[in-house]
Amino acid sequence: MRQNAPISAMQRYAMVGSATCLAYILFNEIFYRLLGDQTGNIIQMTFALPRALRLATLTAVLGLATALPASALDLEALTEDERNAFRDEVRAYLLENPEVLMEAIGVLEQRQAQAQVQEDKDLVAVNANALFSDGYSHVAGNPDGDYTIVEFVDYQCGYCRKAYDVLQDLLAEDGNIRLILKEFPILSEASLMSAQFALSAQQQFGEAAYGKLHDELISVRGTLTEQRLIEIANELELDGAAIAAGMNAPEVERILAENRALGQRLQISGTPAFVMNDTMARGFMELDQMQHLVAQGRAAQ
């Protein structure tokens, strides 16, 4: 009677009950081999690796796992020699097929980016009222425009100054954009003071006064003091002393608190940050990038 040939290490692993289970085992073997770790704390080791190695390892594991058939096996039956042989197989696979790994990493990153876009859209939808119709944020451009941009801005942010110029060009060439400004001072005490001053002007003297002051403050370089803010307001023929006196008014504090809470919900940690109609864009963008997002958003409406 013919006897069955001994089952190799790779054959044993090919018989694992599910791809998920095999992925877990492969991670354990790879990290044991590469890092010499015997603790079994796979999650901790994975995130301790450099990003490129982390992604490459994950991709290789999932690629092998999903290619294997599913059946049941008692993995405790593996001998030490079989485990060592399998580790060598995994290492050889990683070394002999780097181009496959790089291609798979690209696919993985694309999927992650798509997932982030959808998450952002969900965040915008959930916070739509606070973003687009809070009743207090200044509206520039065309209030009835068919496309809305919300900007979270800090007057001490250099990239916010650059974004201001881009936005002015965009509004000049596209008369159908509504721009909503959210005071979001996060960089310094001067940031907070400037935001309080601008909101105080809005509360006391209206949207036109806020608009003039915003245009001036976003262009000023260097650290602003309260006295300098008063001087700027006076130069714009506003009552700087009165504006300064209202900087700590309850309504000013409420608006800033609301904006901070909104930024946290939207996972905004820097400025400038934009909501472009129904999705988000974090960081400075050149004019052509904004134009592309606007055209893309209108096409999807």
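Residues numbered from 1 in each chain as written. Predicted model: local features only at pLDDT ≥ 70, side-chain atom pairs only at ≥ 80, totals over all residues. Heavy atoms only, no water.

1. Some details on the overall build of the protein chain
The helix and strand inventory of the protein chain stands at 14 helices and 5 strands. Buried residues in the protein chain amount to 41% of all 301 residues. Across the protein chain, every contact between residues at least 6 apart in sequence was considered, and the portion connecting residues at least 24 apart equals 76%. (Helix = DSSP H or I, 4+ residues; strand = E, 2+ residues; numbered from the N terminus. Buried < 20%, exposed > 50% of the residue type's maximum accessible area, 1.4 Å probe, protein only. Contact = heavy atoms within 4.5 Å.)

2. Structural notes on the sheet that holds strand 2 (residues 147-153)
As summarised here, the arrangement of the 5 strands in space is 1-3-2-4-5, forming an open sheet in which the pairing is mixed. If you trace the sheet from one side to the other, it starts and ends with strand 1 (138-141) and strand 5 (279-282), each paired once. Adjacent strand axes in the sheet meet at a mean angle of 25°, parallel and antiparallel pairs treated alike. For strand 2 and strand 3 (residues 177-183), the ladder comprises 7 bridges, and the chain directions are parallel. The residue bridging Val150 from the neighbouring strand is Ile180, located in strand 3. Running at roughly 160° to strand 2, helix 8 (residues 158-173) makes contact with strand 1, strand 2, strand 3 and strand 4 (273-276) of the sheet. (Pairing = 2+ DSSP bridges. Axes fitted to C-alpha atoms, helices over the stretch in contact; angles between N-to-C directions.)

3. With respect to the confidence of the model for the protein chain
Note: predicted coordinates in regions of low pLDDT should not be interpreted at a detailed level. When pLDDT is averaged along the protein chain, the result is 80; 73% of the residues meet or exceed 70. pLDDT under 50 marks residues 1-54. Its contacts with residues more than four places away, or in other chains, come to 85 contacts. (pLDDT = per-residue confidence, 0-100.)

4. With respect to the pairing of strand 3
Along strand 3, 7 of the 7 residues are buried, which leaves the element largely enclosed by surrounding structure. Along strand 3, one buried face is formed by Ile177, Leu179, Leu181 and Glu183 and the opposite face, lined by Arg178, Ile180 and Lys182, is buried too. Bridge count between strand 1 and strand 3: 4 bridges; the pairing is antiparallel. Opposite Ala140, over in strand 3, you have Leu179 as the bridge partner.

5. A few points about the nonpolar core
One broad trend across soluble globular proteins is that nonpolar side chains are buried collectively. The biggest cluster of nonpolar side chains holds 47 residues, and the ones touching the most others in it are Ile149, Phe197, Leu217, Phe274, Met276 and Met290. In terms of residues, this core owes the most to one element, helix 8, which gives 7 residues. Not counting residues within four places of it along the chain, the set of residues in contact with Leu217 comprises Tyr155, Ser194, Ala198, Leu224, Leu229 and Ile232. (Core = buried A, V, L, I, M, F, W, Y, C linked by side-chain atoms within 4.5 Å.)

6. Focus: the environment of Ile243
Position of Ile243 relative to the elements: it lies in helix 12 (residues 240-245). On the basis of relative accessible area, Ile243 is assigned to the buried category, the value being 0%. In this structure, the C-alpha to C-alpha distance between Ile243 and Leu199, residues 44 residues apart in sequence, is 8.8 Å. Residue contacts for Ile243: discarding those within four places in its chain leaves Phe197, Ser200, Ala201, Gln204, Phe205, Ala233 and Leu238.

7. Re the packing of helix 8 against helix 14 (residues 287-300)
Closest axis-to-axis distance for the helix 8/helix 14 pair is 9 Å, and the angle between their directions is 50°. By the angle between their directions, the pair helix 8 and helix 14 is classed as oblique. As for the relative orientation of helix 8 and helix 14, their crossing is right-handed in sense. Contacts from Val166, Leu167, Asp169, Leu170 and Glu173 in helix 8 reach Leu287, Met290, Gln291 and Val294 in helix 14. Tallied by class, the residues present in the contact of helix 8 with helix 14 amount to 6 nonpolar, 1 polar and 2 charged. (Parallel < 35°, antiparallel > 145°, perpendicular 65-115°, else oblique. Left-handed = near helix turned anticlockwise from the far one by under 90°. Nonpolar A, V, L, I, M, F, W, Y, C, P; charged D, E, K, R; others polar.)

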